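Residues per chain are reported as follows:
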Amino acid sequence: MAGLPEETTRPPTPPGDQIVADAEDVLADAWVQVLIEVRDRSQTKARGADVRCQRAQRALDAALALRQPGPIAAAHADLEQTLLAADVAHDLYARADHRLAAEVERAKSRCAGSARLRNSCAVNSDGLVLRRATDSDATGVADVWLRSFAAALPTVRRAHDDADVRGFFADVVVPHHETWVADDGGTVVGLLVLDDGQELEQLYLDPSWRGRGLGDRFVDLAKRRRPDGLGLWTFQVNLAAQRFYRRHGFVEVERTDGAGNEEREPDVRFIWLPEAR
């Protein structure tokens, strides 16, 4: 019984260049996946460090309330060590994230390797746009604020319910303040609000966009818009935000018991001034 012609039973051997290209695709995909895993693990460790810092801060607050020098000194020393460990964890996370971003940039031309690699390329592409908000963005801006507040500040009592927050952004913030949004294909994933002076009033990111460089882009934008300096308030419990602003050159200048904010939550003031020209 005659067999089928050989060329129909065996696929043609690809040219040598194609074999090399396919191998490079596989290696690039595998390396990016390794870097994703390293980044994710370091992010988990950084978040765990934040939790330990919050516990250490609460322990110090309790010791201060007792007004006993010995426990206060011990709690303060523990907090200092915990903050130092958290700084190291966040530095390692930042390095892993930057290394992943750099590798993805190199791998963009090979995004056909796998769905996961394509997704990584999309996340780090220039498709994300920072633009001025319009009235139609008010709902998306408020939704991002609500999700971000809930994720980053679970222990802070909100002064207003969801409806009030949405009304505030629609009637006051977007129409009357310099509001910028991060637009990911038509979806608002971050917001920046500046007043008419030098105050950075709001900087919130959708939780899924934390740790991906979007906050850095917003701060750079704020500095360009207010080149003479910036000031802001953040809650004392938000240690991650404090580290973030310090990394961007902001300096702590004041702490209060929170009597001046609606949440009645202890807060801290930071300022940034440009280097002498």
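Notes on the structure follow. Predicted, not measured: the structure shown is a model, and the values here were computed from it.

**What to know about the overall build of the chain**
1) Next: A tally of regular secondary structure across the chain gives 8 helices and 7 strands.
2) Next: When each of the 277 residues of the chain is scored for burial, the buried share is 40%.
3) Next: Only carbon and sulfur atoms are counted for the fraction: they give 54% of the accessible area of the chain, which is about 16,000 Å².

**Considerations on the sheet that holds strand 7 (residues 267-272)**
Within a sheet, neighbouring strands are paired by backbone hydrogen bonds and run either parallel or antiparallel to one another.
1) Next: Read across the open sheet, the 3 strands follow the order 5-7-6; overall the sheet is antiparallel. The open sheet terminates on both sides in strands that have one partner only, identified here as strand 5 (230-235) and strand 6 (251-256). The sheet shows a mean angle of 25 degrees between the axes of neighbouring strands, taken without regard to direction.
2) Next: Pairing between strand 5 and strand 7: 6 bridges, direction antiparallel. Across the sheet, residue glycine 231 finds its bridge partner in strand 7, namely isoleucine 271.
3) Next: The strands touched by helix 8 (residues 239-247) are strand 5, strand 6 and strand 7; relative to strand 5, the strand with the most contacts, the crossing angle is about 160 degrees.

**Describing a nonpolar patch on the surface**
1) Next: Nonpolar side chains collect at one region of the surface, where Trp31, Val34 and Val38 lie side by side and expose about 240 Å² of accessible area between them.
2) Next: Topologically, valine 38 is positioned in helix 2 (residues 16-66).

**Examining the sheet that holds strand 2 (residues 178-184)**
1) Next: Sheet architecture is open: 4 strands sit in the order 1-2-3-4, paired in antiparallel fashion. Across the chains shown, the open sheet's two edge strands, defined by having one partner strand only, are strand 1 (128-132) and strand 4 (200-205). On average, each strand axis in the sheet is inclined to that of its neighbour by 20 degrees, with strand direction left out of account.
2) Next: In this structure, strand 2 lies alongside strand 3 (residues 187-194), joined through 7 bridges in antiparallel fashion. Following the sheet pairing, glutamate 178 is matched in strand 3 by leucine 194.

**Side note on unusual backbone geometry**
1) Next: Of note, the phi angle at arginine 67 is positive, near 55 degrees, even though the residue is not glycine.
2) Next: By the element assignment, arginine 67 lies in the loop between helix 2 and helix 3 (69-107).

**Some words on the nonpolar core**
1) Next: Counting residues in each nonpolar core, the largest one holds 25 residues, and the members touching the most others are Leu192, Leu200, Leu203, Leu214, Phe218, Tyr245 and Phe250.
2) Next: Those elements that provide at least two residues to this core are strand 1, strand 2, strand 3, strand 4, helix 7 (214-225), strand 5, helix 8 and strand 7.
3) Next: In terms of residues, this core owes the most to one element, helix 7, which gives 5 residues.
4) Next: Once residues within four sequence positions are removed from consideration, leucine 192 is found in contact with Glu178, Thr179, Trp180, Leu200, Gln202, Leu203, Phe218, Leu221 and Ala222.

**A few points about the packing of helix 7 against helix 8**
Helix-helix packing: each pair is described by the crossing angle between the helix axes and the interaxial distance.
1) Next: Taken N-terminus to C-terminus, the directions of helix 7 and helix 8 make an angle of 50 degrees; their axes are 11 Å apart at the nearest point. Between helix 7 and helix 8, the interaxial angle falls into the category oblique. Along this stretch, helix 7 crosses helix 8, giving a crossing that reads as right-handed. Residue-level inspection shows Gly215, Asp216 and Val219 of helix 7 in contact with helix 8, the latter providing Phe244, Tyr245 and Arg247.
2) Next: Here the residues of the contact of helix 7 with helix 8 are counted per class, giving 3 nonpolar, 1 polar and 2 charged.

**Some thoughts on the packing of helix 5 (residues 138-152) against helix 6 (residues 162-176)**
1) Next: It is the contact of helix 5 with helix 6, at a shortest axis distance of 9 Å, that shows an interaxial angle of 130 degrees. Looking at the two axes, helix 5 sits oblique to helix 6. For the crossing formed where helix 5 meets helix 6, the hand is right-handed. Counted together, Ala138, Val141, Ala142, Asp143, Trp145 and Leu146 of helix 5 and Asp162, Val165, Arg166, Phe169, Ala170 and Val174 of helix 6 form the full contact between these two elements.
2) Next: Residues belonging to the contact of helix 5 with helix 6 are distributed by class as follows: 9 nonpolar, no polar and 3 charged.

Parameters and conventions
- Residues numbered from 1 in each chain as written.
- Predicted model: local features only at pLDDT ≥ 70, side-chain atom pairs only at ≥ 80, totals over all residues.
- Heavy atoms only, no water.
- Helix = DSSP H or I, 4+ residues; strand = E, 2+ residues; numbered from the N terminus.
- Buried < 20%, exposed > 50% of the residue type's maximum accessible area, 1.4 Å probe, protein only.
- Areas by Shrake-Rupley, 256 points an atom, 1.4 Å probe, with all protein chains shown as cover.
- Pairing = 2+ DSSP bridges.
- Axes fitted to C-alpha atoms, helices over the stretch in contact; angles between N-to-C directions.
- Contact = heavy atoms within 4.5 Å.
- Patch = residues over 30% accessible without salt bridge, like charges linked within 9 Å, V, L, I, M, F, W, Y side chains within 5 Å.
- Salt bridge = Lys/Arg side-chain N within 4 Å of Asp/Glu carboxyl O.
- Core = buried A, V, L, I, M, F, W, Y, C linked by side-chain atoms within 4.5 Å.
- Parallel < 35°, antiparallel > 145°, perpendicular 65-115°, else oblique.
- Left-handed = near helix turned anticlockwise from the far one by under 90°.
- Nonpolar A, V, L, I, M, F, W, Y, C, P; charged D, E, K, R; others polar.

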